[in-house]
Amino acid sequence: MTNAPHTDCDDVLIAAMSELDRETDGARPAWIHAHLSGCRGCRDAVAGMTRMHESLEHLTYVAPGVDLWPAVEARLLPVGRSASRETLALALIVPAALVWRALQVSLDLPLPVWNVVVPLAAAVIVLRWLAGDPLAISVSTPELQQEGA
Amino acid sequence: MVDAEAVRQCLSGDRQAFRHLVHRYQARALAHARALVGDDAGAADASQEAFLDAVRSLVRFDVEREFYPWFYVLLRNRCFKQRSRPGTRQESAPVTDSEAGGGASREEALDLRRAIGRLDPPDRELVLLKHLEGWTYDELSARLGIPRGTVMSRLFHARRRLQSLISGEES
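All of these numbers come straight from a predicted model, not from anything done at the bench.

Here is what the cut-offs are and how they apply
Residues numbered from 1 in each chain as written. Chains lettered and ligands numbered in written order. Predicted model: local features only at pLDDT ≥ 70, side-chain atom pairs only at ≥ 80, totals over all residues. Heavy atoms only, no water. Helix = DSSP H or I, 4+ residues; strand = E, 2+ residues; numbered from the N terminus. Buried < 20%, exposed > 50% of the residue type's maximum accessible area, 1.4 Å probe, protein only. Contact = heavy atoms within 4.5 Å. Areas by Shrake-Rupley, 256 points an atom, 1.4 Å probe, with all protein chains shown as cover. Axes fitted to C-alpha atoms, helices over the stretch in contact; angles between N-to-C directions. Parallel < 35°, antiparallel > 145°, perpendicular 65-115°, else oblique. Nonpolar A, V, L, I, M, F, W, Y, C, P; charged D, E, K, R; others polar.

Q: Would you mind showing me how to read the overall build of chain A here?
A: Of regular secondary structure, chain A possesses 6 helices and 1 strand. When the helices and strands of chain A are listed from N to C terminus, the series reads α-α-α-β-α-α-α. In chain A, which comprises 149 residues, the share counted as buried stands at 23%. In chain A, the proportion of contacts linking residues at least 24 apart, taken out of those at least 6 apart, comes to 52%. When the accessible surface of chain A is summed, it comes to about 10,100 Å², and 65% of that surface belongs to carbon and sulfur atoms.

Q: I keep staring at the packing of helix α2 (residues 18-37) of chain B against helix α6 (residues 121-131) of chain B and nothing clicks. Help me out?
A: Axis angle and axis distance: for two packed helices, these are the angle between their axes and the distance between the axes, and together they describe the pair. Residue and element names in this part refer to chain B. Running from N to C, α2 and α6 cross one another at 155 degrees; their axes reach a closest spacing of 7 Å. Taken together, the axes of α2 and α6 are roughly antiparallel relative to one another. Packed against α2, whose contacting residues are Ala31, His32, Arg34, Ala35 and Leu36, the element α6 presents Pro121, Arg124, Glu125, Leu128 and Leu129 at the interface. The residue inventory of the contact of α2 with α6, partitioned by class, reads 6 nonpolar, 1 polar and 3 charged.

Q: Mind showing me how you'd approach the environment of B:Leu21 here?
A: Residues and elements named next belong to chain B. Among the structural elements, leucine 21 can be located in helix α2. Taking the C-alpha atoms as reference, leucine 21 lies 8.3 Å from valine 7; in sequence the two are 14 residues apart. Contact partners of leucine 21, with chain neighbours within four places excluded, come to Asp3, Ala6, Val7, Phe51 and Phe67.

Q: Got a minute to help me understand α6(B) in this structure?
A: Given 3.6 residues to a turn, an α-helix orients residues that are three or four positions apart in the same direction. In terms of burial, α6(B) is largely enclosed, as 10 of its 11 residues are buried. When we look at burial in α6(B), the residues that qualify are B:Pro121, B:Asp123, B:Arg124, B:Glu125, B:Leu126, B:Val127, B:Leu128, B:Leu129, B:Lys130 and B:His131.

The following block contains the structure:
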């Protein structure tokens, strides 16, 4: 039985990389030392990786060529308006239902008109108010941006 | 203004406060989106949509936590949607800048940037999150939803590929 069960080069290199990433605590395990001392390929690979790791540590972000805020801001307002409309619609549902029931009791209209036509018409009006005209042709901001790019 | 304060103001109805977050994180968002999507226009679209998603989901954000890791999940989802759109280009784009340092010359730094641009999107994502964001293996595992061992293995192979690309073994 061997005292160094990890002899696969990939395992050694992954472990060595964990050290470079400061993901290990404590000293380098003996099995890595043992492998590296006898494997020139791994020693060279670790040296190369160490150098590349140092270069990677100096990466920075490219300064953005575009400012996203104007486009985001332009689309924030409709989002806010839509949200406030939804809130208002929800707030009006209960009073509307009460009014509908009161009219149902006080007026003597045929049942299909009260139970089908009136709620359906109300739903269509509210949905159209919330979502806009479904037949309208709209162009979204990203599409406009792509055309302008 | 700190992020938590911007989020609180935004939640209280001051949408202009969100400008702070967009300006603070758009460079990172665009770099990561470009790494995942592959082209500038797609990255800008995905980032913009992700910021709008963030506004809509802000009530679920825990102000005690960091903003960017939370936002990154939204950005990543948007990038995947963007990539699945027909006609999306997959170009290699420089996503990073670099300062010569750590013994590396300006030319070596340029080679490294080019090589990163040629990695596959998942590998590029890991390398950027590890080295630019400084996420640990555990953070990468939790935020990308992959096991820690897979993070280590994928990072290892991504860096080996980077080495091959830099040394010219791979063209």
